[in-house]
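The primary structure of each chain is shown beneath.
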Amino acid sequence: MLTNHHTHSLYSDGSSQPEEYITEAITKGFHILGFTEHSPLPFENSFSFRKENKDEYIALMQNLKQKYNSQIAVYSGMEMDYIPGMSENFGKIKAEYKLDYLIGSVHLVRPENNSELWFTDGPNYETYDKGLNELFAGDIKKAVTRYYHQLNEMIENQHIDIIGHFDKIKMHNRDRFFTEDESWYVSLVSETLDLLQDRDIIVEVNTRGIYKQRSETTYPGLDILKQIKSLRIPVMVNSDAHKPHELDLAFEQAYSLLKEAGIDEVVYFKGNGWAFESLK
Ligand SMILES: [Zn+2]
Ligand SMILES: [Zn+2]
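Below, the structure is looked at part by part. (Residues numbered from 1 in each chain as written. Chains lettered and ligands numbered in written order. Predicted model: local features only at pLDDT ≥ 70, side-chain atom pairs only at ≥ 80, totals over all residues. Heavy atoms only, no water.)

1. Topic: the pattern of salt bridges
This structure, assessed with the given rule, holds 15 salt bridges. Linking Lys 65 and Asp 100 is a salt bridge whose minimum nitrogen-to-oxygen distance equals 2.9 Å. Placement of the pair is Lys 65 in helix H2 (residues 54–67) and Asp 100 in the loop between helix H3 (90–96) and strand E4 (102–105), with a sequence separation of 35 residues. Overall, Asp 100 belongs to the buried group, its relative accessible area being 17%. The salt bridge partner of Arg 199 is Asp 198, with a shortest N-O separation of 3.7 Å. (Salt bridge = Lys/Arg side-chain N within 4 Å of Asp/Glu carboxyl O. Helix = DSSP H or I, 4+ residues; strand = E, 2+ residues; numbered from the N terminus. Buried < 20%, exposed > 50% of the residue type's maximum accessible area, 1.4 Å probe, protein only.)

Next up, the structure:
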């Protein structure tokens, strides 16, 4: 069964109308397509959902779900951006926007006692390096610790179904500042995985880094997938598509990594909850 639960349309920073992704997904043989725009944020930016489009978006999603009902299951989720002291309550947004499920992600890291934000995502490593130097005095251990602690805070304080691109903080590192086998990093990862296991949260295996050529592997990669297998944390493969043609990019690599990690089932949304599909 072909599924993608993480998609951005032009209602956040994607390229096209939602319907264009749906028709492309049907052509590619998808069974499930979930939209997850970036959640609204309390400051001007170029990527998140604009609150003034809320009513239009809710109506559009209801309409598209019905229109394509016999060909594909369309869901309306949201990729919630968690920033301590700035994000709105996730449950409130979920109800207001009539959403099916939530992905929780950290793209902007807020240092303690500071309202400036470290933008860790995006195409340029220069932005990453600048934030690292200016907000964390170049201390990568402190900065990455803050990223994982922000994830932990989100997991403990908000309701999410899926954790978005778990270790995307590695994207602009590329082994320049640390390697993922360093003990402090390994223990941060384990700590967050334990919380995910405890709350029964799904880990997405996000392929975007591969097809954007910003990462050699998925978020997360093989070593973490092996831990996920032993902790029995549920997983799913998502492309984080921002254009219709990206819907299934690098899926083969992701599914073969799952196999290599010994993971033999994935979860999917089925309208009123989550179900498992065997990969055997
Ligand atoms: Zn994201
Ligand atoms: Zn995304």
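2. Observations concerning the coordination of the zinc ion (ligand 1)
Bound to the zinc ion (ligand 1) are the protein donor atoms Glu 79 (OE), His 107 (NE2) and His 165 (NE2), situated 2.1 to 2.2 Å from the metal. Counting residues between consecutive donors of the zinc ion (ligand 1) along the chain gives the motif E-x27-H-x57-H. In this structure, the zinc ion (ligand 1) lies 3.4 Å from the zinc ion (ligand 2), and both are coordinated by Glu 79. Pair noted here: Glu 79 is in strand E3 (residues 73–81) and His 107 is in the loop between E4 and strand E5 (108–109), with a separation of 28 residues, a long-range link. (Donors = N, O, S within 2.8 Å, 3.2 Å for Na, K, Ca; no water.)

3. Some details on the coordination of the zinc ion (ligand 2)
Only His 6 (NE2), His 8 (NE2), Glu 79 (OE) and Asp 240 (OD) from the protein reach the zinc ion (ligand 2) as donors, at distances of 2.0 to 2.3 Å. What the four donor atoms of the zinc ion (ligand 2) show is an angle range of 80 to 170 degrees at the metal, which sorts the shape as irregular. Linear spacing of the donor residues for the zinc ion (ligand 2) on their chain is H-x1-H-x70-E-x160-D. (Tetrahedral: all angles 85-135°; square planar, octahedral: opposite > 155°, others 65-115°.)

4. Quick word on the packing of aromatic side chains
According to the stated counting rule, one finds 21 aromatic pairs in the structure shown. Centroid distance Tyr 21 to Phe 35: 6.0 Å. Interplanar angle 85 degrees. Geometry classified as edge-to-face. With Tyr 21 in helix H1 (residues 18–28) and Phe 35 in strand E2 (residues 32–38), this residue pair connects regions lying 14 residues apart in the sequence. Here Tyr 21 falls in the buried class, since its relative accessible area comes to 0%. Ring centres of Tyr 147 and Tyr 148 lie 5.0 Å apart, and the angle between their planes is 85 degrees; this geometry places the pair in the edge-to-face category. (Phe/Tyr/Trp six-rings, centres within 6.5 Å; stacked < 30°, edge-to-face > 60°.)

5. What to know about the packing of helix H6 (residues 183–199) against helix H8 (residues 222–231)
One way to put it is that H6 packs onto H8 with a least axis distance of 11 Å and a crossing angle of 35 degrees. Crossing angle aside, the handedness with which H6 passes H8 is right-handed. Residues Val 189, Ser 190, Leu 193, Asp 194 and Gln 197 of H6 form the contact with H8, whose participating residues are Ile 224, Gln 227, Ile 228 and Leu 231. (Axes fitted to C-alpha atoms, helices over the stretch in contact; angles between N-to-C directions. Left-handed = near helix turned anticlockwise from the far one by under 90°. Contact = heavy atoms within 4.5 Å.)

6. Section: the nonpolar core
If you look at the biggest cluster of nonpolar residues, it comprises 69 residues, and the most contacted ones within it are Trp 118, Val 144, Tyr 148, Ile 163, Leu 193, Leu 196 and Ile 228. At eight residues, the largest contribution of residues to this core is made by helix H5 (residues 140–157). Sequence-distant contacts of Ile 163, that is, excluding residues within four places in its chain, are made with Ile 103, Gly 104, Leu 151, Met 154, Ile 155, Leu 196, Ile 201, Ile 202, Val 203 and Glu 204. Counting eleven residues, the second-largest nonpolar core is a separate cluster that includes Tyr 75, Ile 162, Met 236 and Tyr 268. (Core = buried A, V, L, I, M, F, W, Y, C linked by side-chain atoms within 4.5 Å.)

7. Observations concerning the sheet that holds E2
Spatially, seven strands are ordered E1-E2-E3-E4-E7-E8-E9 in an open sheet, and the strand pairing comes out parallel. Only two strands of the sheet have a single neighbouring strand rather than two, namely strand E1 (3–4) and strand E9 (235–238). In the sheet, E2 pairs with E3 via seven bridges, with the strands oriented parallel. Looking across to E3, one finds that Glu 37 is bridged to Met 78. Its contacts with the sheet put helix H9 (residues 251–260) on E1, strand E8 (202–206) and E9, and the angle it makes with E9 is roughly 160 degrees. (Pairing = 2+ DSSP bridges.)

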